[in-house]
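The residues making up each chain are set out below.
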Amino acid sequence: MGNRSKVKTRKGQLIHTFGTGAMQVNKNGISMITCGLDHWFEDDQGAELSAVGKFTRTDKRLQKKLDVESFRVPPDFKVTEDGFTRKVPIPAKRFPLWRVCSNTRCQKLQKGANEANDESKIFCTSCGAPTYQSRFITICTEGHIDDFPWFDWLNHHSDGQCSESDGCHLKLEGTGSSSVSNIRVRCIDCNKSASLKGIFYSGFDDSGKPESAFSKAKIGCKSNKPWLGETNSGSCSSPIVAALRQSTNVYFSKTHSSIYIPQELEGIASGIAAAYSQLSDPQKAMIQGAADNETKALLLSMALNEEYSLSNIKLFIEQDCDIADLEELTEEEFRHEERGFFLNKTTSEELSSKPQNINDYQDWFREFFASVSLIDKLTITQAMYGFDCLTPSNSKSIDEYKSMLWADETKISTWLPAVQNHGEGIYIEFNADKINKWAEEYAKSNAYKSLNEKKEENTFLDSFGPLSPQFLLVHSFSHILINRLIHESGYSSAALRERIYVSTQADTSMYGVLIYTASGDSEGSLGGLVRLGKAGKLESTIKSALNDASWCSSDPICFETGHSGGQGPNGLNLAACHNCLLLPETSCEVFNSLLDRMTINGELLGMKGYFDMEDSN
């Protein structure tokens, strides 16, 4: 890729916030866009790493779901191979390319031809002052990103014919204003100008088709993909919308996660799997990094001191690598499979689950909850497979999303970036009869019906299926419990996460939540959650959480606003705000949406929350 810049960031951020196609500002103050996966495992000289096995991770169920051969953890900045240390930066390019002169008397707009790979300071060609990158870019719902079309915007609003080919030069005026409408783009040579007023407009025309300020001006999308080095790569009918390059609507990563569950191997294969799990991480990395199954078998045989025959080890490796035989699962079936391992005693290197005797818990607790499992060990894989711009959605297939990450689309099924972390958790399942009985009454409320309609209008929530009262309750309970656990477990709120297990389908019926921590550092092994999940401790923690949910410092505004029209982005919350239920974005599966404190305790509105059905005191 020639002269490539470096994006230095945490590996987890390369799956979420700053993955392929995302922009961030580097240490030199230059906005860079993270490049595609084609060159992620090349050193700074462009040579590909020979041993990527140490970065390879597997989770067969998730591999099947995303149709890839493996996952890879983003590479370390420095990798040692054959005794030599090589720098392996994540490739990035300068973006946007248009720059503005910092001299307030000049403010000339300029754009060089080959500056994407140039990280040096660039100075104004007129006055010599340093330049800074334009804060305005354009995006579309298909994921295309481009520089602001300065000449097209100026010509449409001034009836001009200015162009770079005619030698015209542009400048900005009024950049010190707090209002975009007061900023103007002017042609220095023709003296024509146009205001930037209205550039952020995005809506629908009379026929219901999406439109923007640019589509109304007959300025279309050029299908640019600067993170792949592609310009004018095809036709796109989606209207482009202006955005600030650091705005939150520019990038929404698409991720899937999975709890690693042990394979059911029989006989000798089971013994080999147990022995393999006891090997050190460097030994596993060396074996996984082998070029073929034959070499893997030889290395594993040596690592196990030739305790097993080579033919049996080959059989284990082939059986272990076979993903094609796995069934295609819906999201509900996918999670129901995980739940089954939580409810049964499981002991393996990746997952250790201990179901508790529910009779050890207090009487009131058994009225509302059916089971508790303490998860001493869990391994969770989070993989990125694409991204959205402007608004999150589920309008594309997984393969279409994956193709956004590769310049060479023939590689979309080879690997995806992922992180795999270890931790602990508590799984709590609600009383099915009681929650279904409560749901029948709650479903009659106007606020719930209105929220359901809004949820259907926001397609980015489609992956969570139809909104049921049970989901709303379990999700809201999860948030109040996390908010209470941060005071008692020793974990920060950002370290705790939720995984919701709710399905009203007969064959996958479940109403539970896993509160877990899975971090790459020592937080994954503190044991604080498991300790609090034991009988005699969990009851008091949940009682404190229920008391916290009975009021909010923003009441009555919080519950009245929520149940009269909804609150939060797109009105997707009822009685839920930053003072009561909302969590850090990394902790919530549903973007801090679909929450209602009244599902827990509804007395303030004359409703019956789930925990109002019986006196829990």
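This text gives an overview of the structure that appears in the document. Source: prediction; values computed, not measured.

### Some words on the overall build of the protein chain
Per the secondary structure count, the protein chain includes 16 helices and 26 strands. Projecting the C-alpha coordinates of the protein chain onto the three principal axes gives extents of approximately 85 × 70 × 40 Å. Within the protein chain, contacts between residues at least 6 apart in sequence are counted, and of these 67% link residues at least 24 apart. Surface summary for the protein chain: the accessible area is close to 27,600 Å², and the carbon and sulfur share equals 46%.

### Some thoughts on the state of the cysteines
Disulfide: a covalent bond formed between the sulfur atoms of two cysteine residues. Tallied over the full model, the rule gives zero disulfides. The thiol sulfur of Cys588 is not disulfide-bonded, and the nearest other cysteine sulfur, from Cys580, lies at 13 Å. Given the relative accessible area of 9%, Cys588 is considered buried.

### Details of the packing of aromatic side chains
If you walk through the whole model with that rule in mind, you get 33 aromatic pairs. Centroid distance Phe342 to Tyr427: 5.4 Å. Interplanar angle 45°. Geometry classified as tilted. Here Tyr427 lies in strand S24 (residues 415-430) and Phe342 lies in helix H8 (residues 331-342), a separation of 85 residues in the sequence. Just as Phe342 is buried, Tyr427 falls in that class too. Ring centres 5.0 Å apart and planes at 20° place the aromatic pair Tyr361 and Phe365 in the stacked group.

### Overview of helix H2 (residues 150-158)
For H2, the set of buried residues is Trp150, Phe151, Trp153, Leu154, Asn155 and Ser158. Positive backbone phi, approximately 55°, marks Asp159, located one or two places after H2.

### Considerations on the pairing of strand S23 (residues 369-388)
Most of S23 sits inside the fold, with 17 of its 20 residues counted as buried. As judged from the eight bridges shared by strand S20 (residues 252-259) and S23, these two strands associate in the antiparallel manner. By the bridge assignment, His256 is partnered in S23 with Ala383. When strand S22 (residues 352-355) meets S23, the two strands line up antiparallel, connected through four bridges. Bridge assignment links Ser352 to a residue of S23, and that residue is Lys377. Here S23 runs beside S24; their pairing, made up of twelve bridges, is antiparallel. Paired with Gln382 across the two strands is Val419, which belongs to S24.

### With respect to the packing of helix H11 (residues 432-442) against helix H13 (residues 469-488)
The N-to-C vectors of H11 and H13 enclose an angle of 110°; their axes lie 9 Å apart at closest approach. Between H11 and H13, the angle falls in the class roughly perpendicular. Between H11 and H13 the crossing geometry is right-handed. Residues Ile435, Asn436, Trp438, Ala439 and Tyr442 of H11 touch H13, and the partners they reach there are Pro469, Gln470, Leu472, Leu473 and Val474. Looking at side-chain class alone, the contact of H11 with H13 contains eight nonpolar, two polar and no charged residues.

### With respect to the nonpolar core
Judged by nonpolar contacts, the single largest core of 68 residues is most densely connected at Phe430 and Ile542. A per-element tally of this core places H13 first, with nine residues. Setting aside residues no more than four positions away along its own chain, Ile542 makes contact with Trp364, Phe365, Phe369, Ile428, Phe477 and Leu481. Judged by nonpolar contacts, the second largest core, of 43 residues, contains Leu14, Val79, Ile137 and Leu390.

### Things to note about the pattern of salt bridges
Applying the stated criterion across every chain yields a total of 18 salt bridges. A salt bridge links Arg61 to Glu338, with the nearest nitrogen and oxygen atoms 2.6 Å apart. Linking Arg61 in helix H1 (residues 60-66) with Glu338 in helix H8, this pair joins segments that are 277 residues apart in sequence. Considered together, Arg61 and Glu338 belong to a single accessibility category, that of buried residues. A salt bridge links Arg597 to Asp555; the shortest N-O distance between them is 2.9 Å. Remark: Asp555 occurs in the loop between helix H15 (538-549) and helix H16 (557-565) and Arg597 occurs in the segment after H16; sequence separation between them is 42 residues.

### With respect to the sheet that holds strand S16 (residues 193-195)
Strand order in the open sheet formed by six strands is S11-S9-S10-S14-S15-S16, and the pairing between neighbours is antiparallel. Sheet topology places strand S11 (131-133) and S16 at the edges, where each strand pairs with a single neighbour. Strand-to-strand twist in this sheet, taken as the mean axis angle between neighbours without regard to direction, amounts to 30°. By the bridge criterion, two bridges tie strand S9 (residues 99-101) to strand S10 (residues 108-110) in an arrangement that is antiparallel. Pairing of Arg99 across the sheet is with Gln110, part of S10. The strands touched by H2 are S10, strand S14 (170-173), strand S15 (184-187) and S16; relative to S16, the strand with the most contacts, the crossing angle is about 95°.

Rules and cut-offs
- Residues numbered from 1 in each chain as written.
- Predicted model: local features only at pLDDT ≥ 70, side-chain atom pairs only at ≥ 80, totals over all residues.
- Heavy atoms only, no water.
- Helix = DSSP H or I, 4+ residues; strand = E, 2+ residues; numbered from the N terminus.
- Contact = heavy atoms within 4.5 Å.
- Areas by Shrake-Rupley, 256 points an atom, 1.4 Å probe, with all protein chains shown as cover.
- Disulfide = S-S within 2.5 Å.
- Buried < 20%, exposed > 50% of the residue type's maximum accessible area, 1.4 Å probe, protein only.
- Phe/Tyr/Trp six-rings, centres within 6.5 Å; stacked < 30°, edge-to-face > 60°.
- Pairing = 2+ DSSP bridges.
- Axes fitted to C-alpha atoms, helices over the stretch in contact; angles between N-to-C directions.
- Parallel < 35°, antiparallel > 145°, perpendicular 65-115°, else oblique.
- Left-handed = near helix turned anticlockwise from the far one by under 90°.
- Nonpolar A, V, L, I, M, F, W, Y, C, P; charged D, E, K, R; others polar.
- Core = buried A, V, L, I, M, F, W, Y, C linked by side-chain atoms within 4.5 Å.
- Salt bridge = Lys/Arg side-chain N within 4 Å of Asp/Glu carboxyl O.

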